[in-house]
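What follows is the residue order along each chain.
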Amino acid sequence: MIQEIFVVEDEPELIDVLKDKFKKDTDIRLKHVLSDDLGKRLLDIPSFILINEDKLVSLDIFKLCEIIRNSEDNSATPVVAVCSNLSFEHERELLGSGVHSCVNRPFDGNNLYFMLKNIVSLMLINRGISPLTKLPR
């Protein structure tokens, strides 16, 4: 089953870094999504959303998180933010708005690759466990 990761940024930067890392992974597909288009694209129900805060022009990250969390089908979709604001207050605000994890710049592309791959893997494992019996389906 192919897992889609939405990379939300108005100026392509992060998508270019990650395309090279994920080119051998046939089970994961990266999709570049502009911030203005996120609301419409959420109908595709992505497995994962990665937001590049530094490359947002139209909407800020807090508005994007509100759109994601208000979407019934995507309210539990994992969201990771990449940002250059290193303050604890900003990170706390992001986590409070529904971001599951923050990656601060500068970051290592390999570390980000493995983090995303591990989260997708964990999601697949959890989907295979019955909530009633806690056993594999």
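Everything below is about the structure shown above.
Residues numbered from 1 in each chain as written. Predicted model: local features only at pLDDT ≥ 70, side-chain atom pairs only at ≥ 80, totals over all residues. Heavy atoms only, no water.

On to the overall build of the chain, then. On a plain count of helices and strands, the chain comes out with five helices and five strands. Each helix and strand of the chain, ordered N terminal to C terminal, gives the series β-α-β-α-β-α-β-α-β-α. Relative to the 2.2 N^0.38 estimate, which gives 14 Å for 137 residues, the radius of gyration of the chain is 15 Å and therefore close to what a compact globule would have. Its C-alpha atoms put the chain at 45 × 35 × 30 Å along the principal axes. The proportion of buried residues among the 137 residues of the chain is 40%. Of all intrachain contacts in the chain linking residues separated by at least 6 positions in sequence, the fraction that spans at least 24 positions is 64%. As displayed, the chain offers around 7,800 Å² of accessible surface, 54% of which is attributable to carbon and sulfur atoms. Separation of charge centres in the chain, based on 17 positive and 22 negative side chains, amounts to 7 Å. (Helix = DSSP H or I, 4+ residues; strand = E, 2+ residues; numbered from the N terminus. Rg over C-alpha atoms; globule rule 2.2 N^0.38 Å. Buried < 20%, exposed > 50% of the residue type's maximum accessible area, 1.4 Å probe, protein only. Contact = heavy atoms within 4.5 Å. Areas by Shrake-Rupley, 256 points an atom, 1.4 Å probe, with all protein chains shown as cover. Lys, Arg positive; Asp, Glu negative; His and termini not counted. Charge placed at Lys NZ, Arg CZ, Asp CG, Glu CD.)

Our next topic: the pairing of strand β5 (residues 101-104). Of the pairings in the sheet, the one linking strand β4 (residues 79-83) to β5 comprises four bridges and is parallel in character. Note on β5: the bridge partner recorded for Val80 is Ser101. Between the parallel elements β4 and β5, the chain passes through helix α4 (residues 88-96) in a crossover that is right-handed. (Pairing = 2+ DSSP bridges. Right-handed = clockwise from strand over helix to strand, strands pointing away.)

With that settled, the discussion passes to the state of the cysteines. A full pass over the atoms with the stated rule returns zero disulfides. Cys83 takes part in no disulfide bond, and the closest cysteine sulfur, belonging to Cys102, lies 5.4 Å away. What makes Cys83 buried here is its relative accessible area of 1%. Residue class for Cys102 comes out buried when judged on its relative accessible area of 15%. (Disulfide = S-S within 2.5 Å.)

This part is about the sheet that holds strand β3 (residues 48-52). Read from one edge to the other, the open sheet built from five strands follows the order β2-β1-β3-β4-β5, with strand pairing classed as parallel. Here the strands that pair on one side only, and so sit at the sheet edges, are β2 (28-33) and β5. The sheet shows a mean angle of 20 degrees between the axes of neighbouring strands, direction not considered. Across the sheet, helix α1 (residues 14-22) is in contact with β1 (3-8), β2, β3 and β4; its angle to β2 comes to roughly 170 degrees. Contacting β1, β3 and β4, helix α3 (residues 61-70) runs over the sheet at an angle of about 165 degrees to β3. (Axes fitted to C-alpha atoms, helices over the stretch in contact; angles between N-to-C directions.)

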